[in-house]
Amino acid sequence: MSDHHPHPKSLATRRQVFLGGSALAVASGLASWWRYASAAQVMPEPPDDRPRMTGRAPAIFIGHGSPMNAIQDNDFTRALRQWGRDLGLPKAILVVSAHWLTERGVQVSVAPQPETIHDFGGFPAELHAQRYPAAGAPEIAQRAAARLGPQRIGLAERGLDHGAWTVLRHLYPSANVPVFQWSIDITRDGAYHLGIGRALAALRDEGVLILGSGNVVHNLGDTVRGAPATPRGLAPWADAFDQRVKQAIDAGDTRALAGYEQLTAEALHAVPFPDHYFPLLYAMGAAQSDERPRHVFEGFQSGTLSMRCVQWS
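Because the structure is a prediction, the values reported are computed rather than measured. (Residues numbered from 1 in each chain as written. Predicted model: local features only at pLDDT ≥ 70, side-chain atom pairs only at ≥ 80, totals over all residues. Heavy atoms only, no water.)

Here we look at the overall build of the protein
Of regular secondary structure, the protein possesses 11 helices and 10 strands. Taking all 313 residues of the protein together, 58% fall into the buried category. Here the protein displays about 12,800 Å² of accessible surface, and carbon together with sulfur accounts for 51% of that area. (Helix = DSSP H or I, 4+ residues; strand = E, 2+ residues; numbered from the N terminus. Buried < 20%, exposed > 50% of the residue type's maximum accessible area, 1.4 Å probe, protein only. Areas by Shrake-Rupley, 256 points an atom, 1.4 Å probe, with all protein chains shown as cover.)

Take a look at the structure:
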């Protein structure tokens, strides 16, 4: 694993721009999601009679997009539901979500019954009322922490944020698979996160599904208001980055993916802050060299938000 830290000033500046300096643009982008979201439809939950996974569990990455996907019936959510049926039931799920960030240290959740965290505002009451009552997996979580050897991993009783439960609600609607989350140390570089994915890969042999949840392209300030879902990005900078990432994934080019800032001329436009990109590196790191990636879903929401989903198995 790389011990390199991004330059504190440059990362802090990007974070300020993303979280503060462009607040009005971000609010505008979010408003476009809320205002133009189609009427939410709650899907009936079928009996979960799918078989248990056998052998090595997959490593997967999901572009989760707007929290509204949790209660919508669209091409993306239908793909997630079919994907869950195809996967079968793992022993447990380790989720690395864009919405649990720590600094200069990593934490893992050992909550026996993680709460459903509604870490967003301004959405309909129906979304805030959703609960995903999956059990935790504290023993597996502690074994996962031990895999990082001398590196100290903090133990936290934390619930499931919307990067986790909004997609799990479609993959496993019966909430019958134990789930625990792993935090992202946002002060570290891409090579570090790739390395942690490699360290956690052995959990797959125990039947633990490793799930990274974020978005390959995620710039809320430059979403396209009212845009319908599209197969490709509506802005050249967004589409070019998404396609370059796809090429690197297919080639197994982990070095290029870890150094995402250099992937395209406008990479920092596509990834102004790496919180949603880094989960991809955990899934890619957990993949084995003989595993061919499968792009389970490709497309964009809000014009520039990549919903790419990938499986390694």
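And the narrative resumes.
Here's the deal with the pairing of strand β5 (residues 179-185)
Buried residues dominate β5, accounting for 7 of its 7 residues. In this sheet, β5 lies alongside strand β2 (residues 92-102) in parallel orientation, the contact comprising 6 bridges. From the neighbouring strand, Leu94 faces β5, where its bridge partner is Phe180. (Pairing = 2+ DSSP bridges.)

Considerations on the environment of Leu281
One can find Leu281 in helix α11 (residues 278-286). In this structure Leu281 comes out as buried when scored by relative accessible area, which is 0%. The spatial distance from the C-alpha of Leu281 to the C-alpha of Ile196 is 8.8 Å, given a sequence separation of 85 residues. Among residues more than four places away in sequence, those in contact with Leu281 are Gly190, His193, Leu194, Leu257 and Ala258. (Contact = heavy atoms within 4.5 Å.)

Notes on the pattern of salt bridges
Across all of its chains, the model carries 12 salt bridges by this definition. Between Asp73 and Arg78 there is a salt bridge, and its shortest N-O distance comes to 2.8 Å. According to the relative accessible area criterion, Asp73 is partly exposed, its value standing at 26%. Note that Asp242 is salt-bridged to Arg308, the shortest N-O span being 2.8 Å. (Salt bridge = Lys/Arg side-chain N within 4 Å of Asp/Glu carboxyl O.)

A word on the nonpolar core
Counting 58 residues, the largest nonpolar core has Trp182, Phe241 and Tyr277 as its most contacted members. Ignoring any residue separated from it by four or fewer positions in sequence, one finds Phe241 in contact with Val216, Val217, Tyr260, Leu263, Thr264, Ala267, Ala270, Val271 and Tyr277. Core analysis: the second largest hydrophobic core is formed by 36 residues, Met68, Leu89, Ala175 and Met307 among them. (Core = buried A, V, L, I, M, F, W, Y, C linked by side-chain atoms within 4.5 Å.)

A look at the packing of aromatic side chains
For the structure on display, the rule yields 6 aromatic pairs. Taken together, a centroid distance of 6.5 Å and an interplanar angle of 50 degrees make the contact between Phe120 and Trp165 tilted. Taken as a pair, Phe120 in the loop between β3 (106-109) and α4 (125-128) and Trp165 in helix α6 (residues 162-171) lie far apart in primary sequence, 45 residues in all. You can call Trp165 buried: its relative accessible area is 0%. Here Tyr260 and Tyr277 contribute two aromatic rings whose centre-to-centre distance is 4.8 Å and whose plane-to-plane angle is 35 degrees, an arrangement assigned as tilted. (Phe/Tyr/Trp six-rings, centres within 6.5 Å; stacked < 30°, edge-to-face > 60°.)

Here we look at unusual backbone geometry
Non-glycine residue Arg104 carries a positive phi angle of around 55 degrees. Secondary-structure assignment places Arg104 in the loop between β2 and β3. In this structure Arg104 comes out as exposed when scored by relative accessible area, which is 57%. The phi angle at Ser302 is positive, at roughly 55 degrees, despite the residue not being glycine. Relative to the elements of secondary structure, Ser302 occurs in the loop between β8 (300-301) and β9 (305-306).

A few points about the side chain of Thr77
Among the structural elements, Thr77 can be located in helix α3 (residues 75-87). Exposure remark for Thr77: the relative accessible area of 1% places this residue in the buried category. Those residues in contact with Thr77, other than ones at most four positions away along the chain, are Asn69, Gln72 and His170.

Observations regarding the environment of Gly163
Along the polypeptide, Gly163 turns up in helix α6. Note on Gly163: relative accessible area 0%, which makes it buried. Between the C-alpha atoms of Gly163 and His99, which are 64 residues apart in sequence, the distance is 6.1 Å. Other than its neighbours up to four places away in sequence, Gly163 contacts His64, Ser97, His99 and Ser213.

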